[in-house]
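Here's the letter readout for the chains.
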Amino acid sequence: MSDGKFIYTFEEGDRNDRMLLGGKGANLCAMTQIGLNVPPGFVITTVACLAFLDSQRLPDGLMDGVRTHIATLERKSGKGFGSPANPLLVSVRSGSAMSMPGMMDTILNLGLNAATLEGIAAQTGNPRFAWDAYRRFIQLFGKIAMGVPDEAFDAAMTAIKRKHRAANDVELTTEALQELADAFLVVYREHTGAPLPADPFDQLERSIQAVFQSWNGKRAVDYRRQFRITPDMANGTAVNVCTMVFGNMGDDSATGVGFTRNPATGENVIYGEYLVNAQGEDVVAGIRTPKPIAAMAQEMPGLYRELVALRDTLEAHYKEVQDFEFTIEHGRLYCLQTRNGKMNARAMVTTSVGMFEEGLIGKDRALNRINALLLEQLLVPTLDPTHKVHSLAQGLAASPGAASGSIVFDADTAEQRGRAGENVILVREETKPEDIHGFFAAQGILTSRGGKTSHAAVVARGMGKPCVSGCDAIAIDVRERTARIGDAILREGDIITIDGTTGNVYPGRIPTVEAQFFAELATLLTWADEVARLEVMANADTPRDAARAREYGAKGIGLCRTERMFNDPQRLPIVQDMILADTPAERRAALDRLLPIQRGDFKGIFAALAGLPVTVRLLDPPMHEFLPTASQLEFEISHLRNLQRAARSVAELPDTLKMLDPELPREYVESLGKLQRSLAQYREAKRGDAALERREAMLKKVHLLSEVNPMLGHRGVRLGLSFPEIYEMQIRAILEAAAECTREGIAVHPEIMVPQVCAVEELRRVKAMVDALQAEVETSHGVRVPCRFGSMVEVVRACMRAADLAGIAEFFSFGTNDLTQAAFSFSREDAENKFLPQYIDSGILPDNPFEMLDVDGVGRLMQLAIEWGRGARPDLAVGICGEHGGQPEAIRFCHDAGLDYVSCSAPRVPIARLAAAQAALQGRAS
Ligand code: PEP
Ligand code: MG
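These figures come from a predicted structure and were not determined experimentally. (Residues numbered from 1 in each chain as written. Chains lettered and ligands numbered in written order. Predicted model: local features only at pLDDT ≥ 70, side-chain atom pairs only at ≥ 80, totals over all residues. Heavy atoms only, no water.)

Caption draft 1: Representation of the overall build of the chain. For the chain, the count of helices and strands is 37 helices and 31 strands. C-alpha extents for the chain along the principal axes are approximately 110 × 90 × 55 Å. In the chain, buried positions account for 54% of the 926 residues. In the chain, the proportion of contacts linking residues at least 24 apart, taken out of those at least 6 apart, comes to 69%. Carbon and sulfur atoms provide 51% of the accessible area of the chain, an area that totals close to 39,000 Å². Where the 100 positive side-chain charges of the chain centre and where its 119 negative ones centre are 2 Å apart. (Helix = DSSP H or I, 4+ residues; strand = E, 2+ residues; numbered from the N terminus. Buried < 20%, exposed > 50% of the residue type's maximum accessible area, 1.4 Å probe, protein only. Contact = heavy atoms within 4.5 Å. Areas by Shrake-Rupley, 256 points an atom, 1.4 Å probe, with all protein chains shown as cover. Lys, Arg positive; Asp, Glu negative; His and termini not counted. Charge placed at Lys NZ, Arg CZ, Asp CG, Glu CD.)

Here it is as structure tokens:
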């Protein structure tokens with residue numbers, strides 16, 4: 001940790017102290033210390049950053065220290081900072097403990113001024129390079145240290161390119177670059193009111209301050225909020241000051257970025273891109289399209305071998321896939337930075353299994369290095385392979401997955417339309433860090449420029465969103481808000497589909513299919529199951545969902561919501577008959593029709609689970625959810641009444657016509673006759689009357705069932721006890737399905753769960769129904785049907801009376817959706833649309849408690865319920881089936897709190913399996 005020192009050289013910094021030196025700084029120290037060729041430099045610590053942010057001035061003595069360290073760099077490089085004859089130039093980069101790509105800012109070529117520029121030109125014999133470096137410095141320093149907008153520089157660049165008829169900035173001559181630098185100096189003066197400082201120490205001091213300040217810039221703050229980076233994970237940014245080396249010194253120079261393995265597939269081959277005679281930002285900004293690293297084997301074979309050796313050293317040291325930057329200056333290879341490679345989920349899983357099999361890492365690390373939430377990407381949809389749509393254009397497959405949406409040409413529009421619920425594809429020439437909010441809102445990203453390591457590609461991959469980059473067949477006109485591809489013109493709002501796995505862009509929306517498990521994922525999750533203590537179950541309501549849950553490795557169904565079966569359009573009328581019934585006998589008649597249907601459902605689910613536990617929850621929602629709304633019914637009733645009136649009028653039509661003119665009806669005799677006959681049939685069939693009567697009855701029922709607060713009203717077990725025949729039918733269906741399966745040789749393990757329980761007496765009464773029906777079914781079917789009986793715990797009083805409930809319930813399942821509503825007294829729908837975003841933004845609540853389990857409140861209730869419940873019944877099984885059951889932090893809590901299982905939707909099962917293993921590993925470590 002810091003010993004009062006604010007500055008460390010790369011040789012002396014503690015390479016493991018990322019909090020103090022930032023990830024980049026610690027890595028520069030590590031790389032230097034393991035013998036890689038890193039240009040000399042030093043790190044100014046995050047502690048200095050925090051001191052600066054506190055007082056808005058650099059700590060006392062900091063600049064003296066900087067001067068001393070610059071003197072060391074001067075000694076090591078033999079150059080002088082500000083020396084016109086042999087100038088030392090440096091880069092100034094930010095870097096915090098957590099990697100935040102593109103979030104903080106970098107200034108290159110610092111130390112240039114009119115005099116040192118001449119020195120560089122004379123020394124290298126390459127004035128073009130000197131002017132190129134100078135104009136880059138003016139722009140970066142202007143933008144980052146002084147806030148001069150990019151557009152002002154871009155306008156000057158466009159004007160000079162046009163004047164010199166240069167399509168590309170590499171085509172600009174020395175004179176043109178000189179003109180450009182002069183124009184940039186004017187832009188700088190106009191925007192800042194002062195000339196660019198010539199003193200390199202003045203430049204350096206302002207740059208250090210700007211990097212520190214950028215920690216609190218909007219982009220950085222947004223990024224930290226989005227990815228939940230808290231101060232104990234990263235607090236402040238360090239500043240890395242490093243001797244510049246140049247990849248744009250001629251054809252024996254180059255610059256590039258590399259991954260030690262392929263970040264899209266995880267394949268164990270060096271991967272990346274490079275550009276000869278260029279500077280790093282050319283690759284990152286996508287200004288020129290780079291070559292794949294494989295091409296270097298031919299173009300620079302000796303250096304390619306050095307690069308492969310560099311890759312081996314990095315992986316052997318970090319035991320992790322690295323994303324590194326390199327520069328070749330006059331044939332000498334330098335490693336400028338390295339960090340853990342950001343990869344898509346598939347590559348993370350494949351490299352985990354690969355590195356374990358190569359003996360580079362152990363199983364624990366193979367499991368721990370993956371952010372469990374990433375696995376969701378593996379279940380992202382891909383394009384339906386049978387589609388016949390021709391692609392409009394093909395770019396680079398920069399981040400896998402497929403998405404459709406309306407075209408938007410800027411990040412603000414993406415945010416607006418995305419917020420309104422629209423699916424959008426952000427289409428840009430290239431993206432910049434300030435577009436980040438557009439990435440969050442978009443389903444996918446398409447750029448016309450830039451490689452697979454451009455900003456768009458890296459950010460999209462990190463977020464698991466599809467991206468096609470470098471699609472140069474698309475000409476984008478942001479002002480006209482059009483994109484031209486050949487003869488086709490696409491406008492903002494037009495729908496396109498992008499496939500980030502192949503790089504194709506298609507017109508319109510193309511259907512997608514779900515992803516499949518692949519071998520490495522299955523292997524990794526098997527390792528996870530070996531380590532995890534928590535079992536992972538799934539929430540599934542149909543045989544199809546149940547089968548999918550099994551495929552994803554669920555150890556059973558933790559929640560089968562029976563009401564979902566009632567909502568099937570063919571069944572709903574029977575359910576409505578049951579609700580409309582005025583007597584228990586009528587109700588039973590409707591339930592008799594539902595019984596075989598429910599029994600069939602349960603048989604399907606039991607069969608899909610082949611003997612694994614299936615927890616069926618008895619009916620939960622209030623009745624009115626199965627009926628149309630009052631306004632819908634009123635609308636239909638008024639239409640039906642109009643129809644009846646019209647029918648009566650038509651029936652009277654012949655007599656009315658005769659009254660007017662006795663001859664007239666003869667003309668219409670045939671058509672009137674037909675009409676009257678069909679009306680008579682309609683009246684006889686009483687179809688209209690029946691429809692009207694049914695709706696009138698429903699409307700009466702809707703009024704009768706109307707509640708001020710239905711979610712706290714007549715639902716769950718309360719409904720089941722008011723109308724016991726409903727629960728009796730469901731319990732019978734479960735037990736008969738189990739009995740039939742048993743007789744057919746299918747193993748079953750049914751569990752019955754009661755929702756909304758607040759008092760033990762409720763449980764006792766439902767248990768009595770189960771016992772009676774169980775005895776009856778066992779006798780009638782001649783087989784035993786063991787069935788566990790349990791309670792949802794989703795009401796605060798249920799937590800408080802857990803000891804009583806456990807006297808009857810053999811298991812508890814925490815319904816944290818309702819328990820969160822109850823604990824906060826927030827209605828979810830209202831909270832999320834109204835005050836909750838503001839509560840979170842202003843820091844009143846740290847998170848949305850419906851997404852992230854509120855450990856301090858809801859979690860505490862759960863702990864009490866477990867303690868009291870197990871006090872009464874030591875072998876009480878406890879699980880969770882609210883949405884939080886698939887959320888890694890909540891799973892960690894559930895592990896620590898001693899739950900037996902978590903249950904979540906099928907696509908979250910892989911996440912939960914991995915998170916359960918990570919929780920166990922973390923538990924062991926602590
Ligand atoms: C719960 O409340 O957490 C739960 C699983 O039940 P539902 O979401 O169906 O109300
Ligand atoms: Mg509930």
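Caption draft 2: Helix α29 (residues 760-781), seen in detail. The terminal C-alpha atoms of α29 lie 31 Å apart, and with 22 residues this matches the ideal 32 Å at 1.5 Å per residue to within 8%. Within α29, burial applies to Val760, Glu762, Leu763, Val766, Met769, Val770, Leu773, Gln774, Val777, Glu778 and His781. Looking at the buried residues of α29, the elements they touch are α27 (716-722), α28 (724-743), β27 (749-754), β28 (788-793) and α31 (802-808). Directly beyond the C-terminal end of α29, a positive phi value near 70° is found at Gly782. (Expected span 1.5 Å × (residues − 1).)

Caption draft 3: Region of interest: α28. Here α28 contains 20 residues, and its C-alpha end-to-end distance of 28 Å stays within 8% of the 28 Å for a straight helix at 1.5 Å per residue. Positioned one or two residues after α28, Gly745 has a phi angle of 85°, which is positive.

Caption draft 4: Expanded view of the coordination of the magnesium ion (ligand 2). Binding of the magnesium ion (ligand 2) to the protein goes through Glu794 (OE) and Asp818 (OD), at separations of 2.0 to 2.1 Å. Here the residue Glu794 occupies a position in the loop between β28 and α30 (796-800), and Asp818 occupies one in helix α32 (residues 816-824), the gap between them amounting to 24 residues. Comparing Glu794 with Asp818, the two get one shared label, buried. (Donors = N, O, S within 2.8 Å, 3.2 Å for Na, K, Ca; no water.)

Caption draft 5: Focus on the packing of helix α5 (residues 127-146) against helix α6 (residues 150-163). Put simply, α5 and α6 touch, their axes get as near as 9 Å, and they point 155° apart. As judged from the angle between their axes, α5 and α6 are roughly antiparallel. Between α5, through Arg135, Ile138, Gln139, Gly142 and Lys143, and α6, the contact on the second element is made entirely by Asp150, Phe153, Asp154 and Met157. Residues that form the contact of α5 with α6 fall into these classes: three nonpolar, two polar and four charged. (Axes fitted to C-alpha atoms, helices over the stretch in contact; angles between N-to-C directions. Parallel < 35°, antiparallel > 145°, perpendicular 65-115°, else oblique. Nonpolar A, V, L, I, M, F, W, Y, C, P; charged D, E, K, R; others polar.)

Caption draft 6: Spatial organisation of the site of ligand 1. Around ligand 1, the neighbouring residues are Leu559, Arg561, Arg617, Asp620, Met792, Glu794, Gly815, Thr816, Asn817, Asp818, Cys881 and Gly882. Side-chain polar atom of Arg617 to an oxygen atom of ligand 1: 2.9 Å apart, as the coordinates give it. Asn817 is positioned with one of its backbone polar atoms (N or O) 2.7 Å from an oxygen atom of ligand 1. With the chains in place, 88% of the 290 Å² that ligand 1 exposes on its own is no longer accessible. Of all the secondary structure elements, the ones that give two or more residues to the shell around ligand 1 are β25 (557-561) and α32. For the shell around ligand 1, the residue count by class is three nonpolar, four polar and five charged. (Near = heavy atom within 4 Å. Polar contact = N/O pair within 3.5 Å; in protein donor to acceptor, adjacent residues only side chain to side chain.)

Caption draft 7: The nonpolar core, seen in detail. With 130 residues, the main nonpolar core has Ile557, Ile731, Phe814 and Leu899 as its most contacted residues. No other element matches α28, which puts 11 residues into this core. Once you skip the residues sitting within four places of it in the chain, Leu899 turns out to touch Arg533, Leu534, Phe814, Met862, Ile866, Val878, Gly879, Ile880 and Cys894. With 84 residues, the next largest nonpolar core counts Leu89, Leu117, Ile144 and Ile229 among its residues. (Core = buried A, V, L, I, M, F, W, Y, C linked by side-chain atoms within 4.5 Å.)

Caption draft 8: Seen up close, the sheet that holds strand β20 (residues 488-491). If you trace the three strands from one edge of the open sheet to the other, you get β18-β19-β20, paired in antiparallel fashion. In this open sheet, the two strands that pair with only one neighbour each are β18 (474-477) and β20. Strand after strand, the sheet turns through a mean of 20° between neighbouring axes, direction not considered. Bridge analysis of strand β19 (residues 482-485) against β20 gives four bridges, and the strand direction is antiparallel. When the bridges of β20 are listed, Thr482 appears paired with Arg491. (Pairing = 2+ DSSP bridges.)

Caption draft 9: Representation of the environment of Gly142. Along the polypeptide, Gly142 turns up in helix α5. Separated by 467 residues in sequence, Gly142 and Leu609 have C-alpha atoms that sit 64 Å apart.

Caption draft 10: Structural detail: the pattern of salt bridges. Enumeration over the complete set of coordinates arrives at 51 salt bridges. Two residues, Asp132 and Arg136, come together in a salt bridge whose shortest N-O distance is 3.2 Å. A residue pair is termed a helical-turn pair when its members lie 3 or 4 positions apart in one helix, as Asp132 and Arg136 do in helix α5 at four residues. Like Asp132, the residue Arg136 is buried in the burial classification. Across the pair Arg617 and Asp620 runs a salt bridge whose closest N-O atoms are separated by 3.6 Å. There is no split in this pair, since Arg617 and Asp620 are both buried. (Salt bridge = Lys/Arg side-chain N within 4 Å of Asp/Glu carboxyl O.)

Caption draft 11: Structural view of the packing of aromatic side chains. The tally for this structure, following the rule as stated, stands at 18 aromatic pairs. Taking 4.8 Å as the distance between ring centres and 70° as the angle between the ring planes, the aromatic pair formed by Phe153 and Phe184 counts as edge-to-face. Pair noted here: Phe153 is in helix α6 and Phe184 is in helix α7 (residues 174-192), with a separation of 31 residues, a long-range link. Assessed through its relative accessible area of 0%, Phe153 is described here as buried. A relative accessible area of 1% means that Phe184 is categorised as buried. On the numbers, 5.4 Å between centres and 15° between planes, the contact of Phe517 with Tyr552 is stacked. Taken together, the residues span a long stretch of sequence, with Phe517 in the loop between β23 (512-513) and α18 (519-531) and Tyr552 in the loop between α19 (543-551) and β25 at a distance of 35 residues. Exposure remark for Tyr552: the relative accessible area of 4% places this residue in the buried category. Among the aromatic residues, ring-to-ring pairing joins Phe824, Phe826, Phe835 and Tyr839 into one connected group. Sitting above the plane of the Phe789 ring, Lys767 keeps its charged end 5.9 Å from the centroid. (Phe/Tyr/Trp six-rings, centres within 6.5 Å; stacked < 30°, edge-to-face > 60°. Lys NZ or Arg CZ within 6 Å of the ring centre and 35° of its normal.)

Caption draft 12: Structural view of the sheet that holds strand β26 (residues 613-617). One closed barrel accounts for eight strands, arranged β24-β25-β26-β27-β28-β29-β30-β31; its pairing is parallel. Averaged over all pairs of adjacent strands, the angle between strand axes in this sheet comes to 25°, irrespective of strand direction. Here five bridges tie strand β24 (residues 535-539) to strand β31 (residues 901-905), and the two strands are oriented parallel to one another. Looking across to β31, one finds that Asn539 is bridged to Ser905. Across the sheet, helix α22 (residues 584-609) is in contact with β25, β26 and β27; its angle to β26 comes to roughly 155°. On top of the sheet, α29 reaches β27 and β28; it is set at about 150° to β28, its chief contact.

Caption draft 13: Broad picture of unusual backbone geometry. For Ala610, which is not a glycine, the phi torsion comes out positive at approximately 45°. Its location among the elements puts Ala610 in the loop between α22 and β26. Positive phi outside glycine occurs at Gln756, with the angle close to 65°. Along the chain, Gln756 turns up in the loop between β27 and α29.

Caption draft 14: How the structure looks around the packing of helix α2 (residues 46-55) against helix α8 (residues 200-214). Relative orientation of the contacting elements α2 and α8 amounts to 85°, with a least axis distance of 9 Å. It follows from the interaxial angle that α2 and α8 lie roughly perpendicular. Seen from α2, the contacting residues are Ala48, Cys49, Phe52 and Leu53; seen from α8, they are Gln209, Phe212 and Gln213. Grouping the constituent residues of the contact of α2 with α8 by class yields five nonpolar, two polar and no charged.

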